[in-house]
Amino acid sequence: MIAGQDLDARVRILLDAADQRREVERIDPDGALTENEAYALQFQYVDYRVANGDRVVGLKTGLTSKAKQQTMGVLQPILGHVLASSVVPEGEPVHCGELIHPRAEPEIAFVLEHGLEGPVTAAQACRATALVFPAIEIIDSRFLNFRFGFGDVIADNTSAARVIFGSASIRPTDADLRLLGMVYSKNGEVQSTAAGAAVLGNPWEALAWLARRAWELGRPLQAGQMVLAGALADAVFVNPGDNVRVEFDRLGSLSVTFAE
Ligand code: OOG
Ligand code: MG
């Protein structure tokens, strides 16, 4: 349990920014935070939410595609938490008024049948997975103009804000995830196209990376958890009235509408 008075001041700034829907200055403008210090801030942020009624339903990998790394200017994958409060059921709108400057991105998601610990390989990650499905993640950096460095974005729980998991699914060995074609559209207009291999060469590598990193950080992936592999293509800004759709070969489609 983490009490409010024990929070690092930078974590308090991020919690308030999210709650008050207001962008804030970077907390690590000079890049002084080490990676482990940044994760310690993220863990405080998440633990504070959990102590106040939220729940961790899974973990996410971010910045696993070249498209995302180049756009955001951070060239390494990052780990974040998926909170129950962020999950929007398929078919329900995402309310932009609850967010600062939301962007939507296409993802491949997993649900785990077994936990994963140690120096996990892609093959082990695949064997531990129950189902694979499409997802749309809504990211909403708490930082001014969506601009941040490595330490900032880790502390900010990797911009996590909302996520929609698709109901269509396949089993892990039903398809070669590298070859899954993807078309991403906004309001009926194609924004990007990609294949699963955009994600670290193979989405199973993203799951294995996440499993290893989560284990090193003392929070190993557990059976039943949901996982986001990281966006295949750039996120798009969304406003009330917009509709975003991701269509995958074999995996199926998912769309989400945005409301006030
Ligand atoms: C950081 C989060 C990145 C992904 O899928 O690459 C991410 C950001 O772009 O704000 O979730
Ligand atoms: Mg993402």
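Residues numbered from 1 in each chain as written. Chains lettered and ligands numbered in written order. Predicted model: local features only at pLDDT ≥ 70, side-chain atom pairs only at ≥ 80, totals over all residues. Heavy atoms only, no water.

A.B. asks: In this structure, what is going on with the overall build of the protein chain? I would like to understand it.
C.D. replies: Summing up its helical and strand segments, the protein chain has six helices and 12 strands in all. Taking 18 Å as the expected radius of gyration for a compact globule of 260 residues, we find that the protein chain reaches 17 Å, a close match to that expectation. Viewed in the frame of its principal axes, the protein chain has a C-alpha envelope of about 50 × 45 × 35 Å. The burial tally for the protein chain puts 55% of its 260 residues in the buried class. Contacts in the protein chain between residues at least 24 apart in sequence constitute 76% of all its contacts with a sequence separation of at least 6. (Helix = DSSP H or I, 4+ residues; strand = E, 2+ residues; numbered from the N terminus. Rg over C-alpha atoms; globule rule 2.2 N^0.38 Å. Buried < 20%, exposed > 50% of the residue type's maximum accessible area, 1.4 Å probe, protein only. Contact = heavy atoms within 4.5 Å.)

A.B. asks: Sorry, what's going on with the site of ligand 1 here?
C.D. replies: In the neighbourhood of ligand 1, 17 residues make up the surrounding shell, with Leu63, Lys68, Glu105, Ser159 and Ala231 lying closest. Take Lys68: an N or O atom from its side chain is 2.7 Å from an oxygen atom of ligand 1. Take Ser159: an N or O atom from its side chain is 2.7 Å from an oxygen atom of ligand 1. Coverage of ligand 1 by the protein amounts to 100% of the 310 Å² it exposes when considered alone. Those elements that provide at least two residues to the shell around ligand 1 are strand E1 (56-62), helix H3 (66-72), strand E4 (103-112) and strand E5 (129-139). Looking at which element gives the most residues to the shell around ligand 1, the answer is E1, with three residues. Looking at the shell around ligand 1 residue by residue, the classes come out as seven nonpolar, five polar and five charged. (Near = heavy atom within 4 Å. Polar contact = N/O pair within 3.5 Å; in protein donor to acceptor, adjacent residues only side chain to side chain. Areas by Shrake-Rupley, 256 points an atom, 1.4 Å probe, with all protein chains shown as cover. Nonpolar A, V, L, I, M, F, W, Y, C, P; charged D, E, K, R; others polar.)

A.B. asks: Hey, could you run me through the packing of helix H1 (residues 9-20) against helix H2 (residues 35-51) in this one?
C.D. replies: Packed helices, taken two at a time, are described by the angle their axes make and the gap between the axes. One can describe the packing of H1 onto H2 by two numbers: an axis separation of 9 Å at closest approach and a directional angle of 50 degrees. Relative to H2, the element H1 lies oblique. Crossing angle aside, the handedness with which H1 passes H2 is right-handed. Contacts from Arg10, Val11, Arg12, Leu14, Leu15, Ala18 and Asp19 in H1 reach Leu41, Gln44, Tyr45, Tyr48 and Arg49 in H2. Looking at the contact of H1 with H2 residue by residue, the classes come out as seven nonpolar, one polar and four charged. (Axes fitted to C-alpha atoms, helices over the stretch in contact; angles between N-to-C directions. Parallel < 35°, antiparallel > 145°, perpendicular 65-115°, else oblique. Left-handed = near helix turned anticlockwise from the far one by under 90°.)

A.B. asks: Please explain the nonpolar core as it appears in this structure.
C.D. replies: Across soluble globular proteins, nonpolar side chains show a tendency to be buried alongside one another. Membership of the largest hydrophobic core comes to 80 residues, with the highest contact counts inside it found for Leu79, Phe110, Trp204, Leu221, Val244 and Phe258. Here this core takes eight residues from helix H6 (residues 203-216), the largest share from any one element. Ignoring anything within four residues of it in the chain, the contact list for Phe110 reads Thr129, Leu131, Val132, Phe133, Leu177, Pro203, Trp204, Leu207, Gln225, Met226, Val227 and Ala229. (Core = buried A, V, L, I, M, F, W, Y, C linked by side-chain atoms within 4.5 Å.)

A.B. asks: Looking at this structure, I do not really get the pairing of E5. What am I missing?
C.D. replies: Both faces of the sheet carry side chains from a regular strand, because those side chains alternate between them. Most of E5 is tucked away, with nine of its 11 residues classed as buried. Of the strand pairs in this sheet, E5 and strand E6 (residues 160-165) are connected by five bridges, and their pairing is antiparallel. Paired with Ile139 across the bridge in E6 is Ala160. (Pairing = 2+ DSSP bridges.)

A.B. asks: Looking at this structure, I do not really get the side chain of Thr158. What am I missing?
C.D. replies: Positionally, Thr158 belongs in the loop between helix H5 (150-155) and E6. What makes Thr158 buried here is its relative accessible area of 4%. In this view, Thr158 contacts Gln42, Lys60, Ile78, Leu79, Gly80, Ile139 and Val153; residues no more than four positions away in its chain are not counted.

A.B. asks: What's the story with H6 in this structure? I'm lost.
C.D. replies: A turn of α-helix holds 3.6 residues, and therefore any two residues three or four places apart point the same way. Here H6 contains 14 residues, and its C-alpha end-to-end distance of 20 Å stays within 8% of the 20 Å for a straight helix at 1.5 Å per residue. For H6, a buried count of 10 out of 14 residues is recorded, marking the element as mostly surrounded by other parts of the structure. Of the residues making up H6, those classed as buried are Pro203, Trp204, Ala206, Leu207, Ala208, Trp209, Leu210, Ala211, Arg213 and Ala214. Taken from the residues just after H6, Gly218 is the one with a positive phi, measuring 85 degrees. (Expected span 1.5 Å × (residues − 1).)

A.B. asks: Which parts of the structure should I look at to understand H2?
C.D. replies: Here H2 is 17 residues long and its end C-alpha atoms lie 24 Å apart, about the 24 Å a rise of 1.5 Å per residue gives. One or two steps after H2, the chain reaches Gly53, where phi turns positive at roughly 105 degrees.

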